[in-house]
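# Structural description and commentary
Each chain is listed here by its residues.
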Amino acid sequence: MLEIRIHGRGGQGSVIASKILAYAFAKEGKFVQAFPEFGVERRGAPVAAFLRVADKPINSRSKIYKPGHLIVLEPTLIAAVDITQGLKPGGFIVINSKRSPEEFKEKAKDSTIATVDATEIALNNRLGSKAAPIVNTAILGAFAKLTGMVKIESVIEAIKEEVPIKPEENAQAAQQAFDKTII
Amino acid sequence: MLEIRIHGRGGQGSVIASKILAYAFAKEGKFVQAFPEFGVERRGAPVAAFLRVADKPINSRSKIYKPGHLIVLEPTLIAAVDITQGLKPGGFIVINSKRSPEEFKEKAKDSTIATVDATEIALNNRLGSKAAPIVNTAILGAFAKLTGMVKIESVIEAIKEEVPIKPEENAQAAQQAFDKTII
Amino acid sequence: MKYTIPKEELVHPGHLACQGCGGALAMRIMLKTLGKNTILTFPACCWSVIDGPFPYSAVKVPLFHTAFETAAVVASGIKAALNRVGDPKTNSVAWAGDGGTFDIGIQALSGSAERNDDMFYFVYDNEAYMNTGIQRSSATPKGAWTTTTPVNHPKATPKKDILAIMAAHKIPYIATASIAYPEDFTRKLEKAKEIKGFKFFHIFAPCPPGWRANPKDTITLAKLAVETKLFPLLEIEDGEKYTINLPKKDKGKPIEDYLKLQGRFKHLKENDIKEMQTFIDKKYNRLKILEEISQ
Amino acid sequence: MKYTIPKEELVHPGHLACQGCGGALAMRIMLKTLGKNTILTFPACCWSVIDGPFPYSAVKVPLFHTAFETAAVVASGIKAALNRVGDPKTNSVAWAGDGGTFDIGIQALSGSAERNDDMFYFVYDNEAYMNTGIQRSSATPKGAWTTTTPVNHPKATPKKDILAIMAAHKIPYIATASIAYPEDFTRKLEKAKEIKGFKFFHIFAPCPPGWRANPKDTITLAKLAVETKLFPLLEIEDGEKYTINLPKKDKGKPIEDYLKLQGRFKHLKENDIKEMQTFIDKKYNRLKILEEISQ
Amino acid sequence: MKKDGDKIIFENAADLPDMAKSMGTTRFNKTGTWRNERPIVDTDKCTGCGICWKYCPDMSILEDENGKAAIDYEFCKGCAICVEVCPVKAISMVEEEK
Amino acid sequence: MKKDGDKIIFENAADLPDMAKSMGTTRFNKTGTWRNERPIVDTDKCTGCGICWKYCPDMSILEDENGKAAIDYEFCKGCAICVEVCPVKAISMVEEEK
Amino acid sequence: MSKQKVMMGNHALSYGAVVSKVNVISAYPITPQTQVVELLSELCSNGALDSEFIKVESEHSAMAACIGASAVGARTFTATSAQGLALMHEMLHWAVGARTPVVMGNINRSMGPPWTIWSEQTDSLSQRDTGWLQIYASSNQEVYDSVPIAFKIAEHKKVQLPVMVVLDAFFLSHTSENVMMMDLDKAETYLPKYKPKHKLDVNEPYTFGALTTPEWYYELRYKIQKAHENAISVIEEAQSEFKDMFGREYGLVEEYKTADADTILVAISTAASTAKDTVDELREKGVKAGLLRLRFVRPFPFKKVREVLSSAKKILVLDRNLSPGIGGIIFQEIKSAMYNESNKAPIYGFIAGLGGRDITTETIHNIFEEAEKQDPKNIIWMEVKA
Amino acid sequence: MSKQKVMMGNHALSYGAVVSKVNVISAYPITPQTQVVELLSELCSNGALDSEFIKVESEHSAMAACIGASAVGARTFTATSAQGLALMHEMLHWAVGARTPVVMGNINRSMGPPWTIWSEQTDSLSQRDTGWLQIYASSNQEVYDSVPIAFKIAEHKKVQLPVMVVLDAFFLSHTSENVMMMDLDKAETYLPKYKPKHKLDVNEPYTFGALTTPEWYYELRYKIQKAHENAISVIEEAQSEFKDMFGREYGLVEEYKTADADTILVAISTAASTAKDTVDELREKGVKAGLLRLRFVRPFPFKKVREVLSSAKKILVLDRNLSPGIGGIIFQEIKSAMYNESNKAPIYGFIAGLGGRDITTETIHNIFEEAEKQDPKNIIWMEVKA
Ligand SMILES: Cc1ncc(C[n+]2csc(CCOP(=O)(O)OP(=O)(O)O)c2C)c(N)n1
Ligand SMILES: Cc1ncc(C[n+]2csc(CCOP(=O)(O)OP(=O)(O)O)c2C)c(N)n1
Ligand code: SF4
Ligand code: SF4
Ligand code: SF4
Ligand code: SF4
Ligand code: SF4
Ligand code: SF4
Ligand SMILES: [Mg+2]
Ligand SMILES: [Mg+2]
C-alpha cells in the first residue's frame, strides 16, 4: 500500500491535488483514499493532505502517520514545519522549488528527491497570480515522473475531468512539469 | 377510601372546590388527592374534578372511575351529561339547585341527595355575577352538612387559607349553605 | 339574508373554541374567502384544540398540525412540494397565534419572509398564550395582566411591533385585519390572492377568558381597537408603501372605552391609561407619516 | 506613535483568523474600547475558531462559547446572573456573525431585544457563513456568489434589513460601525456604555477568502462600502431617531469601485450593477427621510 | 372504521389510519350543551340583514325560509354576540332550563 | 498543568479542568509561519502616525524606541494591510526566503 | 416547624425552587407545566422569591439563559415538558458539556404528533443519552424534596452536572396531595449558597468551551462519565443528610417488599406508586411479589439494581414510554444492567399507559398474569386495542 | 454502464440524492457536512437535479420544511451533523409521529461543548429513541448506495418512517474513495416515483395530527413499533432487489469471519471497516476473531444479531460514542438484545475514538488484548490519558 503526504498552505489546493492523484491511480485500477488534514486550518496556514493507494479495497480508515512519500507545494514551508515527520526511509519527495534536489538532501537522507519549478510553470500557463500561483496540478506531473507509480497520461486525464476551471492549461502544466522535473 | 366527583362547567371552579375540600380533609389528618379531569375543556363546556380521601397514604395514582359521592355545581348539566356514570350505590349527592332533593331522586335511586341554592347564597355574598355566580365554596358547606365526613369548621378554615379573593365572603357562603342544605 | 362576505362555510360547527372566541371567527372569515384550494398549517395554539380531537376536524380543507415554532417553514415546505408534485396554484397557508408568531415562531417566519416564499401567513393575535392558560407573549400590551405578569408587576415592555418587523423584510404584502370588519378583511384577502410572494396578515382577535371579558363583547372590543387607533386597519406593500384604511378620522375614541370592558386592565391607574393614550397617538402619528412619505 | 483609539490590546496575537480578516480587527477595536469589565459570549462563527483551540484563547476577558443560535439569550442569562451574584456593572456582550444574527440567532436576539435586556449585541457582518466555507446567509447581498448561490443562480433576494428589524424592536441604541472608521466605532461604544438596555451594533467586516478579495484590500473595501453609501454609518435611538454620520456627501462613489475588488461579484453584468446602484440610492434616500422625520 | 352519525368508530389499531388522520368533523360535538342561556330571535323584528350571521364564531346562525335569522341550537354556545351586534335588537338571551 | 513558554502541557485527564477552560493564550501559535511575504518598514519615511497600528488585525505593529512602526514578525501574517493604509508608503512587502 | 399544605405537583416543584433560593429562573409555558411558570412569576413579583425571571421566547432559549447564568455562578432553575424539552435538546447536551449545574423540572407528557398533553415518560427518557441526571418522583412530597436535593447533587464539586426532576403529567402535576413544607432557614442550612469551582469572572478571566481537538476532547468526556460515577455516593450523602434534617428518606431506588420476592416488578413514577397496592394484594393472595422503583435513572444505579434483582426468579419491567424499534427504555436498561450478572432470570418487558392511558392496579395485576404466559423476547403491550 | 468516480463521502451522499430524484431539499450548512449543501445547490442550479432547494435559516427549519413537503407527497432530503441534528430534535420526533418518509444524511461529529468538529457517533446514536431508522455506512460506495435504498424502505407502505444515512466525519465525509455510479434510468426503475398512501390534498381534504386523547394515541404508537418490525423484511427485500440490479450486496448487518469465531467484535461505521484488517491479522496469528458490523441500528436487527452472536465465547463491543452514565450505546443495545438468549457469553464494552481520536488497527488489537484482562462490568476506555 502506498501512503503519500502532501504539504501546502491553506488555499493552495493540496486537497485537490490529493484527489486528482487518487483519481489518476483509480483509472489504473487501483483502490484509493485521499483526504485532507482533519482540521480548521485557515488560508495561509500550513496544511497537509494524504493519499492511500492499494491493489485491493482498503479497509483501514484511519489517518496516515508514516507516509512513504511526500509532495511539497510550497518551499517556504520547509523552514516552517517538520515536513519529514514520520516519513519512512526509502521513499520519494517532490518539491516545488527552483533549487536542485541536492539542496534538500540533508532533510531526508534516505529519500529520492526531485524538484520542479511548479510556480513558474503555473504562471506560464496563466494559472493563478504571482502572489497566489496554482501549482497543485503541475506538481503532480513531477510526481509521476519521479515515482513512475502512475502514468502521466492518467494524471492528465484525471486533471481534465476533475478541474472545472482551465482544465487544459492545468493538464499542460502537469505535462511540462513532468518534462522538467530534476531528479 | 372516599372517592368523590364534582361536576361543573369550565370556568366555574370545580377544581378549586376539589382542592379546598381536600385541604379541609387534610386538616383533619387525612391523606388526600384532588385532581381535575385531564383534558382541554373550555370555558362553558362540562367538566369534572375528583377527590380521594383516606386514612393512610394513598399509593394508587390512577383516575377515579367509580366515585362514591357527587357534587354538582351546575344543575343544567344534569340534562347535558350523565352525571351518575360509574356512581357506586349508597353514596351522597349534593346539587346546587333551588329544587327539592326528591326531584332528582330518579337519577340515583340508591343515593342520599341534598340540594342547596348555592347560586343565591353566592350572589347574596357578592360572589360573582348573575351570569357567572361563584358557587364552588358554598356548595362545600352543603357537602359537609350532607355527609358529615368533614367538619364545616375545617371547610371554612380551608377556604380562608386557600381562596385569595374575598375569603371571608366565601367562608360565609359555605356556612350559610351548610345551614340551608335540604336533605 | 344579506351576505356581505362569501357565504360558503369552510369551518364546521362543534369546534372547541370558547364562547365568543375571536380567533374562531377569524378563521371562519379567512377560510371562506381564500376558498377550498388551500392547505393549512397550524402550530400549537388555541386552534390546535379548537380544531377538535382526532379523528375529527373543524376545517374542510387539508390541515397539517405542526410543532409550535415551525408554522412558516412548514408552509414553505408545503409550497415547495406543491410546486413539484401538486398544483402550484394551491394556497399554502400558515395560521398561528401571536405566541407562535411574535415569539417562538419568529425565526422560521423571518426565514420564509426573507426567501419571499409564495404563501400566506396569518397571525390571529389574542395578545397572550391562551391555549396554555393566559401567559404573557411579546404581543401582550404593556400594562396588561396575564398569569405570568401579575397585577403588581404587569407587562413592562410594549407590545412587539410585528408590523414594522415584517415591513423590514420588504415582503410584497402586509395587512392588518379585524373580525369586526369582515368586508375589509375579505377585500384584502382577495387582493393578496393575486400577489406572488410572502403575504402577512395580522388579525386582531379578542379572547373573552384571556382578556377577562364578556363573550358577548368580542365584536365590540375588536371594533373599539380600531376606533381608538390602537389597531388601525392598514396595508403595507413592499415594506414601504403604507395605506391606512381605518379609522378614517384622526381623532380616535379614548382608549378607556376599550380598556374598561376588560379585566386584564382593571388594575391600571389613570396615569397608566394616559401613558397608553400617548403611546397610541404617537404610534399612529408615525404611521401617518410613513403613509405620507410613501405617496 | 499616535493612538487615536485606546491603546491597550485585549486580544492576543497568534489567533487563527485568516490574513487580513475584518472580523478579527473588529473585535480588536471593540474590546479595547469596552474594556476589561466585560464578559463575552460567542456563538458558532469564525470567531469560535479565531479564538484558538483549547487550552488557549485570544481574548483577555472571560468568554463563554455557546451554541450557534443562542448568543443573545446566553448574554441575557449572564446579565441576569451578574445582577444577582456578580457585579451588575459588568458588560454582558454577545458577539456573533451575520449567520448567527440574521438567521439562526434572530429569534433569541428578538427575545432579548423585546425584553430590553441590559447588554450589548455585536454582529460582525461578512455577508455569509464563512466559518463553514462561504455559504449564503440572509445577509448575503443580492447577486453575490457563495458556494450555495452559484454564479448561474446567485443570491436572488436582497440582504435582510437587520437595522430596520432591530429598529422595529424600539431598543434604546442601534449603531452601524466599520473597521475602516475605528474612531467612529470607539465613539459609539463610549456612548453606548452609558445607555441602559439593549444596544445593537452592526459592524461591516470584509472577509478576504469569502469575498474572493485580496487580504490587503480589507480596509479599502470597508471604506468603499461607506463611501458608496452601501453601508452608511449611522445611529438609531429608541428605534426612531435616525442620525447618519457618514458619508457626509449625498452623492457617493459608484458601487463598481467596491464591486470590482471582489471575486464574488465578478459574474455581474452591467445591468445587475445598475440595479444594485438604484437599490442603494433608494435605500439611502429612505434613510435620509427617516433621519429628517425624526428631527 | 365505521360511522355512527357524526361519530367515528374504530375497531382496533389495524382499523386506524397510520397516523392521526382525521376523517370526521367536529359536528360530532354538540356544543349546544355548553349554554347557560339561549338566544331567541324575534322574527318580527329581524330584517334579515345578515349581521348576526357574519359575526357568529360558531356558524350557528342559519337562514329561515323567510330570509330571517334562525339559531342552530345543536351548536350555539350562547355567547350572545348576535344579541350584541343585531342593529334592531331582534335577538335576546333567555335562561336555559335547569 | 504545566507551562512551557506559551504552551500548556497537561499530564492526563485528572490534570485537565472539568470542562474546556482555556488558561493559555494564542501566543503559543506563531503565525509568522503563515507569511509568504513580509512587510518591511522604512523608518526614514515613517512618521509614527499610528494608522498601520490601528488597522492591523493581528496586533503585529509595535512601536519602536523612536515612535516609529515596527513589525512583530513572530505573529505578522503578511496580509499587507499596513502597506495599503500607510499614508506615506513607508511599508513594503518582500518575499520570504524559500 | 414544618407546615402541611395540600398542593399540586407543579406547585410542589415551584416551592422546591423557592426553598432552594434560586437566583435565576428562565422558563417558557407549556401544558402541563404552566402552573410552575405562573406560580414562580407570582412569587418573584411579590417578593417571596428574590430571583430574576427571564421570560424567554422558547424553551431552547430558556435552557440557554440558564446555562449562561449558571456559568456566572448563579443557581438556576427551569421547568418544561415534552415538546419543550425536545426543543431544548441541543442545549441539554450543552449544559452537560459545559458542566453547568442547572436544575430543571420536567412534567412527563407524550410526544407529538399527534398533539397530546397526557402523561408518558418518553420525553425525558429519550434524553437519557444527553448526560443529565434524572430523578423520577412518585409523589408531590418527593417532587418538592427533590429540588433542593437535586441542587445539592448538581453543584457538588465531584459532580457538576445538570439534574432533571421528573414528574408525571396530571397524575402528579395537577393532582393536589399532602405536602410537608420545609422551614426556609433549615433549607438554607441544607443547601447553602452555590460556590462555583469555575465561573465567568472578570477578575480571573478564562475562556470556556473553545474548540477542542482530538488531543483532549476524549478526556473531557471521560471526566463526564466519572462525574456520573461519582454522583452515586454524592447522592447517597445528600439524601442521608436530608433524612437527618427533614426526616424523609430517599434512596437511589425504592424497594418495596423485594427482599424475599420471587417476581419483582421494575417501574418508575406514579405507575410504581400504584403498583404498591397491587403488590400488597398479590402478597395477600400468597404471591411473593415485589417492586423496585428507580428513583434515579441517571446516574443509573447499577449496583443497587443488581443487588435488588440478584435473587429474583422473574423480573418484570413496566414501561410507560416507547423507543420505537426496541420497546420500553427501562426494559432495555435493566436487561443491559443485568447481562453480565450471575442471576439470569428472565426479564419481561411490558408497555402500558402511553399517551396518558391510565395504569390502574388492575393493569399491574394483568402484567403479573401475562408474565406467566409470554415469551420475554417479545415486547408485551398491555391493554392495547391491537 | 456504470462509471467509476473517486469522490468524498459528502459527494457520494449528494449523488445518492440525485439518483433518488428527490423533489425537495432543505438543508443548512455545518462542518463537516457543507459539501453536501454546496454540491446539491450547484446541481439544483445547473439543472442536473430537478428539485426545489429551500435554503432555511436553521436545521430545525430544514427538518420542518422536509416534513411539510413530505406530507404533500414530495420525496424530501436533508443532511446535517451533530449540533444541527440536535437542533432538529423535536422535529425528529415529529417526522416519526407524522410518518413522513424523509431521508437525511448525518455526518457523525462529536457534540459540543467544547467546540469540536471531529468524528464520533454520539450525535446520531443519542437520537436512537426518536424512532428514525438508522443506517451506518462504512465506505463511500455504501453511502451512495444507501440513499436510494433508504428511500425505498422509508416510503414502503408497511414502513412509512424517516431514515438516516450516517457516515463518519472526515474518515468518510472528506475522504475520497472509489465509487461506482448508478445509471439514472436504472436507478429510477429501482426507486420509482413516490406514491404516498396519505397526503395533504385539496381534493381529499383531511387533517393530520389533531389532538389525540388517551383513547387512540396508544394504538398510534403501537403502529409505529409495528412499522419498525415490518421494516426488517422490507429492508431485506429492498437490498436483495438492489443486489439484483446493481450487483452490490448489503445486509442488515455485515458479518466478517464470524461463522467459527470465538471472539466477535461488534462495531459500526469506519471503525468496523478498520477492524477487518485487525481480524485478518489475528486470524493469521491463529486467533479465531470475527467482526459483526451493524449496518442498521434501527430497526435493531435483533434476529440477526442473536444468530451471529449465538455461539461466540466472548463478545466485544466497540463504541465511538458515550452515553454518560452507562458508557457505550451499542454496548447497552447488544447486552439488552442478548439478555434473554441462551448464549450467556460475557460482553465487554470498549470506548474509543471520541472527539475524532483515531481508531487504528492497533487500537483494535489492544481491544482484543484488554478483553483478556478486564471485568465486563466495567466500561473499558481505550487509550484514554486517564
Ligand atoms: C415547543 C413548545 N413549547 C410550548 C408549547 C406549549 N404551547 C402550546 S400552545 C401555546 C400558546 C400559544 O400561544 P399563541 O401562539 O398566542 O396562540 P393562542 O393559544 O393564544 O391561540 C404554548 C405555549 C408547545 N406546544 N411547544
Ligand atoms: C446548530 C448549528 N448549525 C450549524 C452550525 C455550523 N456553523 C458553524 S459556524 C457557521 C457559520 C457562521 O456564519 P456567521 O454567523 O456568518 O459567522 P462567520 O463564520 O461568517 O464568522 C455554521 C453554519 C453550528 N455550529 N450549529
Ligand atoms: S382561550 Fe381565547 S383564543 Fe382560545 S379558544 Fe378560548 S376564546 Fe378562543
Ligand atoms: S474566513 Fe473570513 S471572517 Fe473567517 S477568519 Fe477568515 S477572513 Fe476572517
Ligand atoms: S349566541 Fe353566539 S354562538 Fe349562539 S348564535 Fe349567537 S353568536 Fe352564535
Ligand atoms: S342581525 Fe338582527 S336583524 Fe340582522 S339578521 Fe340577525 S337577527 Fe336579523
Ligand atoms: S502585514 Fe498584516 S499582519 Fe503583518 S503587520 Fe502588516 S497589517 Fe499586520
Ligand atoms: S502608517 Fe506608515 S507612517 Fe504611519 S506609523 Fe505606520 S508606517 Fe509609520
Ligand atoms: Mg395568543
Ligand atoms: Mg458571516
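Quantities reported herein were computed from a predicted structural model and do not represent experimental measurements.

### Notes on the overall build of chain E
- Helices and strands together make up the secondary structure of chain E, namely two helices and eight strands.
- The helix and strand sequence of chain E, counted from the amino end, reads β-β-β-β-β-α-β-β-α-β.
- Rg of the C-alpha trace for chain E: 18 Å, well past the compact-globule value of 13 Å for 98 residues, more than 25% over.
- With respect to the principal axes defined by its C-alpha atoms, chain E has extents near 55 × 30 × 20 Å.
- Each of the 98 residues in chain E was classed as buried or not, and the buried ones make up 53%.
- Look at the contacts in chain E between residues 6 or more apart in sequence, and 58% of them connect residues 24 or more apart.
- Approximately 4400 Å² of chain E is accessible, and the part contributed by carbon and sulfur atoms is 46%.
- Separation of charge centres in chain E, based on 14 positive and 18 negative side chains, amounts to 3 Å.

### Here's the deal with the pattern of salt bridges
- One pass over the full model with this rule turns up 139 salt bridges over all chains.
- We note a salt bridge from Lys-5 of chain H to Glu-162 of chain A, for which the minimum N-O separation is 3.8 Å. Linking Lys-5 of chain H in strand β1 (residues 4-8) with Glu-162 of chain A in helix α5 (residues 152-162), this pair reaches from one chain into another.
- Linking Arg-248 of chain H and Asp-145 of chain H is a salt bridge whose minimum nitrogen-to-oxygen distance equals 2.5 Å. Of this pair, Arg-248 of chain H sits in the loop between α9 (217-246) and β10 (253-256) while Asp-145 of chain H sits in helix α7 (residues 140-154), and the two are 103 residues apart along the sequence.
- Note on Asp-145 of chain H: relative accessible area 0%, which makes it buried.
- Connected via shared salt-bridge partners are Asp-184, Arg-187, Lys-188, Lys-191, Glu-235 and Glu-237 of chain C.

### Quick look at the arrangement of the chains
- Here the protein chains form 20 pairs of chains in contact, of which the pair with the most contacts is chains G and H.
- When C-alpha atoms are compared, chain A and chain E, though not in contact, are closest at a spacing of 41 Å.

### Considering the coordination of the magnesium ion (ligand 10)
Residue and element names in this part refer to chain D.
- Summarising the metal site, the magnesium ion (ligand 10) is bound by the protein donors Asp-98 (OD), Asn-126 (OD1) and Ala-128 (O), whose distances to it range over 2.0 to 2.1 Å.
- When the donors of the magnesium ion (ligand 10) are listed by position in the chain, the intervening gaps give D-x27-N-x1-A. Placement of Asp-98 in helix α4 (residues 98-103) and of Asn-126 in the loop between β5 (119-125) and α6 (162-168) is noted, with a sequence separation of 28 residues between them. We note that Asp-98, like Asn-126, is buried.

### Description of the relation of the copies chain G and chain H
- Mapping chain G onto chain H calls for a rotation angle of 180° and an axial translation of 0.0 Å; the resulting RMSD is 0.0 Å. The transformation just described matches what one would write down for a two-fold rotation axis. Minimal C-alpha distance to the rotation axis in chain G is attained by Ser-336 of chain G, lying at 2.2 Å.

### Comments concerning the site of ligand 2
- Close to ligand 2 lie 24 residues, the nearest being Gly-99, Gly-100, Tyr-124 and Asn-131 of chain D together with Glu-59 of chain H.
- Residue neighbours of ligand 2 fall on chains D and H, so the site bridges chains.
- Between ligand 2 and the protein, one listed contact pairs an oxygen atom with a backbone N or O atom of Asn-131 of chain D at 2.7 Å.
- Considered on its own, ligand 2 offers 580 Å² of accessible surface; in the complex 99% of this is hidden by protein.
- Of all the secondary structure elements, the ones that give two or more residues to the shell around ligand 2 are α4 of chain D together with α4 (82-87) of chain H.
- Sort the elements by how many residues they give to the shell around ligand 2 and α4 of chain D lands first, with three residues.
- Of the residues in the shell around ligand 2, the class split is 14 nonpolar, seven polar and three charged.

### Some remarks on the domain arrangement of chain E
- Its domain assignment divides chain E into domain 1 (1-25) and domain 2 (31-95).
- For domain 1 of chain E versus domain 2 of chain E, the distance between C-alpha centres works out to 33 Å.

### A closer look at the confidence of the model for chain E
- Residues at a pLDDT of 70 or more form 99% of chain E, whose mean pLDDT is 96.
- Overall fold confidence for the complex sits at a pTM of 0.98, while the interface term, ipTM, reaches 0.98.

### Regarding the site of ligand 1
- The environment of ligand 1 is made up of 24 residues, and the closest members are Gly-99, Gly-100, Tyr-124 and Asn-131 of chain C together with Glu-59 of chain G.
- Neighbouring residues of ligand 1 are not confined to a single chain but are spread across chains C and G.
- Contact distances for ligand 1 include 2.9 Å between an oxygen atom and a side-chain N or O atom of Asp-98 of chain C.
- Backbone polar atom of Gly-99 of chain C to an oxygen atom of ligand 1: 2.8 Å apart, as the coordinates give it.
- Compared with its free state, where it exposes 580 Å², ligand 1 has 99% of that area covered by protein.
- Of all the elements in the fold, those that place two or more residues in the shell around ligand 1 are α4 (98-103) of chain C together with α4 (82-87) of chain G.
- Here the element with the most residues in the shell around ligand 1 is α4 of chain C; it accounts for three residues.
- Along the lines of polarity and charge, the residues of the shell around ligand 1 split into 14 nonpolar, seven polar and three charged.

### Observations concerning the coordination of the magnesium ion (ligand 9)
Residues and elements named next belong to chain C.
- All of the protein donors around the magnesium ion (ligand 9) are Asp-98 (OD), Asn-126 (OD1) and Ala-128 (O); their distances to the metal are 1.9 to 2.1 Å.
- Going along the chain, you hit the donors of the magnesium ion (ligand 9) in the pattern D-x27-N-x1-A. Of this pair, Asp-98 sits in helix α4 while Ala-128 sits in the loop between β5 (119-125) and α6 (162-168); the two residues are 30 residues apart in sequence, bridging distant segments of the chain. In this pair, the class of Asp-98 matches that of Ala-128, namely buried.

### Topic: the packing of helix α3 (residues 71-85) of chain C against helix α3 (residues 59-72) of chain H
- In the contact formed by α3 of chain C and α3 of chain H, the axes pass within 7 Å of each other and the chain directions differ by 45°. Relative to α3 of chain H, the element α3 of chain C is oriented oblique. Remark: the crossing between α3 of chain C and α3 of chain H carries right-handed chirality. The segment α3 of chain C lies against α3 of chain H, with Val-73, Val-74, Gly-77, Ile-78, Ala-81, Leu-82 and Val-85 of chain C engaging Ser-61, Ala-64, Ala-65, Gly-68, Ala-69 and Val-72 of chain H.
- Residues belonging to the contact of α3 of chain C with α3 of chain H are distributed by class as follows: ten nonpolar, three polar and no charged.

### Observations concerning the sheet that holds strand β1 (residues 2-9) of chain B
- Read from one edge of the open sheet, eight strands run β6(B)-β5(B)-β4(B)-β1(B)-β3(B)-β2(B)-β8(G)-β1(G), paired in mixed fashion. The outermost strands of the open sheet, each flanked by one partner alone, are β6 (112-116) of chain B together with β1 (4-8) of chain G. Each strand of the sheet is rotated relative to its neighbour by a mean of 20°, with strand direction disregarded.
- Strands β1, β2 (31-36), β3 (46-54) and β4 (69-72) of chain B together with β1 and β8 (176-180) of chain G of the sheet are contacted by helix α1 (residues 14-27) of chain B, whose axis makes an angle of about 10° with β3 of chain B.

### Let's talk about the sheet that holds strand β6 (residues 133-136) of chain H
Residues and elements named next belong to chain H.
- Judged by pairing direction, the sheet is mixed, and its seven strands sit side by side in the order β3-β2-β4-β5-β7-β6-β13 without closing on themselves. What marks the edges here is a single partner per strand, and that holds for β3 (52-55) and β13 (296-298). On average, adjacent strands in this sheet sit at an angle of 20° to one another, irrespective of strand direction.
- Against the sheet, helix α2 (residues 34-45) contacts β2 (24-27), β3 and β4 (76-81), and its axis sits at roughly 135° relative to β3.

### Describing the packing of helix α1 (residues 9-19) of chain H against α2 of chain H
Residues and elements named next belong to chain H.
- One way to put it is that α1 packs onto α2 with a least axis distance of 8 Å and a crossing angle of 40°. In terms of their interaxial angle, α1 and α2 are classed as oblique. Considering how the two elements wind past one another, α1 and α2 form a crossing that is right-handed. Between α1 and α2, the contacting residues are Asn-10, His-11, Leu-13, Ser-14, Tyr-15, Ala-17 and Val-18 on the first element and Gln-35, Val-36, Leu-39, Leu-40 and Leu-43 on the second.

### Digging into helix α5 (residues 152-162) of chain B
- All of the buried residues along α5 of chain B are Ile-152, Ser-154, Val-155, Ile-156, Ala-158 and Ile-159 of chain B.
- Buried residues along α5 of chain B sit against α1, α4 (138-147) and α6 (167-180) of chain B.

Procedures and definitions
- Per chain, residue numbering runs from 1 following the sequence as it is written.
- Working convention: letters from A go to chains and numbers from 1 go to ligands, in the order in which they are written.
- For this predicted model, a pLDDT threshold of at least 70 governs which residues receive local features, and a threshold of 80 or more governs which side-chain atom pairs are given and counted, while totals over whole chains, interfaces and linings are taken from all residues.
- Derived side-chain values reflect all non-hydrogen atoms in the structure, with water molecules and hydrogen atoms excluded from consideration.
- Secondary structure elements follow DSSP: runs of H or I of four or more residues count as helices, runs of E of two or more count as strands, with numbering from the N terminus.
- Values of the radius of gyration come from C-alpha atoms, whereas the globule rule sets the reference at 2.2 Å times the count of residues to the power 0.38.
- Accessibility here uses a 1.4 Å probe with only protein chains present; expressed as a share of the type maximum, an area under 20% marks a residue as buried, one over 50% as exposed, and anything in between as partly exposed.
- It only takes one pair of heavy atoms within 4.5 Å for two residues to be counted as in contact.
- For accessible areas, the Shrake-Rupley method is used with a probe of radius 1.4 Å. Any residue's cover is judged against the shown protein chains and nothing else.
- Within this scheme the basic residues Lys and Arg register as positive and the acidic residues Asp and Glu register as negative, but His and the chain ends are omitted.
- To locate a charge, take NZ of a lysine, CZ of an arginine, CG of an aspartate or CD of a glutamate.
- Any Lys or Arg side-chain nitrogen located within 4 Å of an Asp or Glu carboxyl oxygen qualifies as a salt bridge.
- Metal-coordinating donors are taken as N, O and S atoms lying within 2.8 Å of the metal, or within 3.2 Å when the metal is Na, K or Ca; because water is left out, some sites can appear incomplete.
- In this comparison the copies share one frame, found by least squares on the C-alpha atoms of residues holding pLDDT of at least 70 in both.
- For this purpose, a residue is taken to be near a molecule or strand whenever a single non-hydrogen atom of the residue falls within 4 Å of it.
- Any pair of nitrogen or oxygen atoms within 3.5 Å is treated as a polar contact; in protein, a donor-acceptor pairing is required on top of that, and neighbouring residues in sequence qualify only through side-chain atoms on both sides.
- Under the scheme applied, nonpolar residues are Ala, Val, Leu, Ile, Met, Phe, Trp, Tyr, Cys and Pro; charged residues are Asp, Glu, Lys and Arg; polar residues are all the others, including Gly.
- As used throughout, domain bounds are those supplied by an automatic or database domain assignment.
- You can read pLDDT as the predictor saying how much it trusts each residue, on a scale of 0 to 100.
- Here the axes come from fitting lines to C-alpha atoms, over the contacting stretch only for helices, and the angles between their N-to-C directions go from 0 to 180 degrees.
- Should an angle fall under 35 degrees it is called roughly parallel, over 145 degrees roughly antiparallel, and 65 to 115 degrees roughly perpendicular, with every other angle called oblique.
- Crossing handedness: left-handed means the near helix sits turned counterclockwise from the far one by under a right angle, and right-handed means the same turn made clockwise.
- Paired strands, as defined in this entry, are two strands with at least two bridges between them according to DSSP.

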